[in-house]
Amino acid sequence: MKVIHDKSGEYPDVINSYYDLEAYSDDDGVSVLFQGYNSSKASQKRDEFLSYRNRVYLNLESPCAFCSTNTFLEEQKFFTHTYTICPYTLKWLNKKIGTKGEAIAFPYSKNCFSHLDCSIKDTASMYMGTIMCEEHESILKAMSSHSHFVSSLSHHPMATHIGLSSFEKWNLLARVKCSVMMNLCPITDHHKIWIKKNEGFEKHEALNNFDENFVPQFKPRVIESMVCNVVCLVKKDKWNVIENWFTPGEDFIYWETYNELQELIDDIDSNFENYIAITESARKKVEKFEIKNIIHLIKKQLK
């Protein structure tokens, strides 16, 4: 399988920056894998591979592409298969144009984490990501009564670390007991205008309800936390996309209110040993999504 990894237009230091996909490239003239959002739009580059029977896209941005373009469906017609973190996009594409593939959790490279010592847990909690809305700030307030890290790429008065590299962030993550997250992406009225320009958007399960100003987006911080033996505290929502791959109460814990979140952090900080079974279950299941295993899965399904 030939691999085309276009990093232009991507953040230079994120979990998918370190897949080393070129190492898996072996041109058989039959299958080609594209990764990187710009690779899905580069028609001249794609046209070189029109004769390949299997044209695969590793889609790690959906459903966010709908928030800034109205040509997503047309771009995706080139691909015969999609492996994506958004099961709703795959279902929509399958109904619209017959795209095959599978919904996968965010892949990771074990080489990024193999040097970490995840046995020393000296910090209660961590939040990773841009602080974009009131809901994010309420999470930070719930965390504030215990030791914590808040890693953000942009400035915010509640952030403890700003502009860390991924490896610096993972060094902190290895030390914490629980990680707080929402598998949701905030959207604005501007984003909604773009979404509505996509033909058939109302049949897309991630895009057909704007009441809460969010769309579901599976976050790589789930995977990063599980690899580091950290308890994932996940905001329950109307989609609960994480349940496509992991089981609540077994691999992670839901929270619904900020008081509930604070109580969970209190207990995990005081009684982390009671949560080891959850971290071990998650750590075992997450291995399925190591990039080498994802490439193996794709090649196997293309046969």
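The sections below set out a description of the structure shown in this document. (Residues numbered from 1 in each chain as written. Predicted model: local features only at pLDDT ≥ 70, side-chain atom pairs only at ≥ 80, totals over all residues. Heavy atoms only, no water.)

Quick notes on the overall build of the chain
Each helix and strand in the chain was counted, giving 10 helices and 13 strands. For 303 residues, the compact-globule formula gives about 19 Å, and the C-alpha radius of gyration of the chain, at 19 Å, lands near that figure. Along the longest, intermediate and shortest principal axes, the C-alpha atoms of the chain span 60 × 40 × 35 Å. Of all 303 residues assigned to the chain, the portion counted as buried reaches 55%. Restricting to contacts in the chain with at least 6 residues of sequence separation, those with at least 24 account for 67%. If you sum the accessible surface of the chain, you get close to 13600 Å²; carbon and sulfur atoms cover 47% of it. (Helix = DSSP H or I, 4+ residues; strand = E, 2+ residues; numbered from the N terminus. Rg over C-alpha atoms; globule rule 2.2 N^0.38 Å. Buried < 20%, exposed > 50% of the residue type's maximum accessible area, 1.4 Å probe, protein only. Contact = heavy atoms within 4.5 Å. Areas by Shrake-Rupley, 256 points an atom, 1.4 Å probe, with all protein chains shown as cover.)

A short note on the pattern of salt bridges
Enumeration according to the criterion identifies 8 salt bridges in this entry. Put simply, Glu74 and Lys77 hold a salt bridge, and the shortest N to O gap is 3.2 Å. Overall, Glu74 belongs to the exposed group, its relative accessible area being 52%. Through salt bridges that share partners, Glu250, Asp251 and Lys285 make up one connected network. (Salt bridge = Lys/Arg side-chain N within 4 Å of Asp/Glu carboxyl O.)

Points about the sheet that holds strand 7 (residues 148-152)
Strand order in this open sheet of 6 strands is 8-7-6-9-12-13, and the pairing throughout is parallel. A single partner strand is all that each edge strand has here, and the edge strands are strand 8 (161-162) and strand 13 (253-255). (Pairing = 2+ DSSP bridges.)

Some remarks on the side chain of Thr279
Locating Thr279 in the fold gives a position in helix 9 (residues 276-286). On the accessibility criterion, Thr279 (4% relative accessible area) is buried. A polar atom in the side chain of Thr279 sits 2.8 Å from the backbone oxygen of Ile276. (Polar contact = N/O pair within 3.5 Å; in protein donor to acceptor, adjacent residues only side chain to side chain.)

Things to note about the environment of Phe214
With respect to the helices, strands and loops of the structure, Phe214 is situated in strand 11 (residues 214-216). Taking the C-alpha atoms as reference points, Phe214 and Leu184, separated by 30 residues in sequence, lie 5.9 Å from one another.

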